[in-house]
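# Residue-level structural notes
The primary structure of each chain is shown beneath.
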Amino acid sequence: MNEEIETGITAGGADGAFRDILSKDHARRGKPPVHFVDMTPEERIAVAGELGLPKFRVKQLANHYFSHFDVNAEEFTDFPANARAAAAKAFFPTLITPMLQQKADQGLTVKTLWSLFDGSRIESVLMRYPNRATLCISSQVGCGMGCPFCATGKLGLTRNMSTGEILEQVRVAAVQMRDGDIAGGPGRLSNIVFMGMGEPMGNYRSVLSAVRQISAPAPEGFGISARNITVSTVGVVPGIRKLAAEGIPVRLAVSLHAPTDRLRDELVPMNRRFNTTQVLDAAHDYYLATKRRVSIEYALMRGINDQAVHARQLANRLNSYGDDWAHVNPIPLNPIEGSKWTASDPEDERTFLDILHKAGITATLRDTRGSDIDGACGQLAAKTMERHVRF
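Residues numbered from 1 in each chain as written. Predicted model: local features only at pLDDT ≥ 70, side-chain atom pairs only at ≥ 80, totals over all residues. Heavy atoms only, no water.

### Focus: the overall build of the protein chain
As a reminder, the rule being used: For helices the rule is a DSSP run of H or I covering at least 4 residues; for strands it is a run of E covering at least 2, with both sets numbered from the N terminus onward. The contact rule is simple, with two residues in contact once any of their heavy atoms fall within 4.5 Å. Only the protein chains shown count as cover for residues, and the accessible areas themselves come from Shrake-Rupley with a 1.4 Å probe.
The number of helices and strands found in the protein chain is twelve helices and twelve strands. Look at the contacts in the protein chain between residues 6 or more apart in sequence, and 68% of them connect residues 24 or more apart. When the accessible surface of the protein chain is summed, it comes to about 17,300 Å², and 50% of that surface belongs to carbon and sulfur atoms.

### Notes on the packing of aromatic side chains
We count it as follows: Centre distance within 6.5 Å is the pairing criterion for rings of Phe, Tyr and Trp, where only the six-membered ring of Trp is used; planes under 30 degrees apart are then read as stacked, over 60 as edge-to-face, and the remainder as tilted. For each residue, the accessible area found with a 1.4 Å probe, counting protein chains only, is set against the maximum for its type, and the residue is called buried under 20%, exposed over 50%, and partly exposed in between. Our definition puts a charge over a ring when NZ of Lys or CZ of Arg is within 6 Å of the ring centre and also within 35 degrees of the ring normal.
Throughout the structure, instances matching the rule amount to eleven aromatic pairs. Considering the side-chain rings of Y65 and F222, the 5.7 Å spacing of their centres and the 40° angle between planes classify their relative orientation as tilted. With Y65 in helix α2 (residues 56-68) and F222 in the loop between α6 (204-215) and β8 (229-233), this residue pair connects regions lying 157 residues apart in the sequence. Y65 sits in the buried class, given a relative accessible area of 0%. In this structure F222 comes out as buried when scored by relative accessible area, which is 9%. These aromatic residues form a ring-pair network of at least three members: F36, Y65, F66, F69, F76, F91, F92 and F222. For the cation-ring pair, R44 lies above F36, with the distance from its terminal atom to the ring centre recorded as 3.9 Å. It is R57 that lies over the ring of F79; its NZ or CZ is 5.5 Å from the centre.

### Notes on the sheet that holds strand β1 (residues 97-104)
Quick note on the threshold: At least two bridges found by DSSP between two strands is the condition for calling them paired.
The strand order across the open sheet built from ten strands is β1-β2-β3-β4-β7-β8-β9-β10-β11-β12, with neighbouring strands paired in mixed fashion. Each having just a single partner strand, β1 and β12 (362-363) make up the two edges of the open sheet.

### Digging into the side chain of H284
Among the secondary structure elements, H284 is positioned in helix α9 (residues 276-290). Using a relative accessible area of 9% as the deciding quantity, one classes H284 as buried. Apart from the residues within four sequence positions on either side, H284 is in contact with Y321, D323 and W325.

### Digging into helix α5 (residues 163-178)
Under the convention used in this document: An expected span of 1.5 Å times one less than the residue number is assigned to each helix.
Taking 1.5 Å of rise per residue, 16 residues should cover 22 Å, and α5 covers 23 Å from first to last C-alpha, within 8% of that figure. Counting buried residues along α5, 15 of its 16 residues qualify, which places the element largely inside the surrounding structure. Just beyond α5, the residue with positive phi is G180, at close to 75°.

### What about the nonpolar core?
Here is the rule we go by: Here, the term nonpolar core denotes a set of buried Ala, Val, Leu, Ile, Met, Phe, Trp, Tyr and Cys residues that are joined through side-chain atoms within 4.5 Å.
Core analysis: the largest hydrophobic core is formed by 105 residues, its most contacted members being L189, I192, F194 and I296. With eight residues, the top contributor of residues to this core is α5. With sequence-adjacent residues up to four places away left out, L189 is seen in contact with L126, A133, T134, L135, V170, A173, A174, M177 and I224. Membership of the second largest hydrophobic core comes to five residues, among which are V125, M127, C136 and V193.

### A look at the packing of helix α7 (residues 237-244) against α9
The test is simple: Convention adopted: a line fitted to C-alpha atoms gives each axis, helices being fitted over their contacting stretch, and angles between N-to-C directions are expressed from 0 to 180 degrees. Geometric relationships in this document are graded by angle, where less than 35 degrees denotes roughly parallel, more than 145 denotes roughly antiparallel, 65 to 115 denotes roughly perpendicular, and other angles denote oblique. All amino acids are sorted into three groups, where Ala, Val, Leu, Ile, Met, Phe, Trp, Tyr, Cys and Pro are nonpolar, Asp, Glu, Lys and Arg are charged, and the leftover types, Gly among them, are polar.
Put simply, α7 and α9 touch, their axes get as near as 9 Å, and they point 5° apart. Our classification of the angle between α7 and α9 gives roughly parallel. Facing α7, whose interface residues are V237, I240, R241, L243 and A244, α9 presents Q278, V279, D281, A282, A283, D285, Y286 and A289. For the contact of α7 with α9, the residue count by class is nine nonpolar, one polar and three charged.

### A few points about unusual backbone geometry
Across the chain, the bulk of peptide bonds are trans and the bulk of non-glycine residues have phi less than zero. Put simply, A218 and P219 share a cis peptide bond, and its omega is 10°. With respect to the helices and strands, the residue P219 is situated in the loop between α6 and β8. At H257, a residue that is not glycine, the phi angle is positive and equals roughly 70°. By the secondary structure assignment, H257 is in the loop between β9 (251-255) and α8 (261-267). Positive phi, close to 60°, is recorded for K291, a residue that is not glycine.

### Describing the pattern of salt bridges
Quick note on the threshold: Throughout this description, the term salt bridge denotes a Lys or Arg side-chain nitrogen within 4 Å of a carboxyl oxygen of Asp or Glu.
Counted under the stated rule, the structure contains ten salt bridges. In this structure, the salt-bridge partner of D285 is R241, at a minimum N-O distance of 2.8 Å. Of this pair, D285 sits in helix α9 while R241 sits in helix α7, and the two are 44 residues apart along the sequence. Residue D324 is joined to R293 by a salt bridge in which the shortest nitrogen-to-oxygen separation is 2.8 Å. Remark: R293 occurs in the loop between α9 and β10 (294-300) and D324 occurs in the loop between α10 (308-319) and β11 (326-332); sequence separation between them is 31 residues. Among the charged side chains, a salt-bridge network with shared partners connects D118, R159 and E165.

Now the structure itself:
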């Protein structure tokens, strides 16, 4: 029997442009090593049994990983010395290796470029604020959505990431916060946003597994409240509706970027598959199902989508649903070097925000962290890949 290949195609998206969400070479790249968090509880017990270990040892491993963020099984003093090496190999293979770190904002923002098992590269960003520490994580290698202003979109999509590859970003950041490696001294990782490289809805199965294990209390998970997890999408409607049915109170963020189909067709190619009405309807239904206000992400681009008329159109679209269901995050664009897509004038940003507020729309101009360190997701990976090719 042939093993079913994870395609990343969400139910309902098997035709049209969405069919090409993964590159044609995806299946040839192989799969990452299986990690402890990729296994079901039954699979963990079975692997332990193959190593001659009773099932209570699995609970010990889970406690080390989720409670202490530790994968160095060869130093687990509560574990049989003659079984540590085998347990480390079977349960905790190295999935992500740091290649480069950049710091900004007096060390409060740290961006890491990671190398994966197949040489692929992804990014995560840890941002410390006075009352929280937020980690922005990647869920795919590259992205297949093709938004022209996005650095990750220019990379294209290589493959989906495994649950283990996703969660290892979280574990390492939790260690950095605990050990005081981020400016401000020791602290706790409190918020996770799936806003790094990739379209989370295109890797639904692994993302959902990661969400469940991030939010489960230790030792079944990292114990970060589901209400402090945000899952973003460019508007993959089947994924939004599927997530709404899961009953997990994560926040949904929709990268809208334009108030009309004509403009959004240019900025977000997926709009030709799921238009603004379909996307906003699904997002509003998500609000009704979860009682959680939806974040509308809106990257402001000079002369493209940042004028007063666009703000009024956006306010009208959101207010047409008749309730206070959305929070708009206008985002000053982190421009790609050499791109025609540039950040808005500060005066236009203020006007845009003012129009939304006067229309009764809750809106907050996003704080752009890391603008001096290739802050836009995908910029760092793109630059290092260019150097690799050049030299």
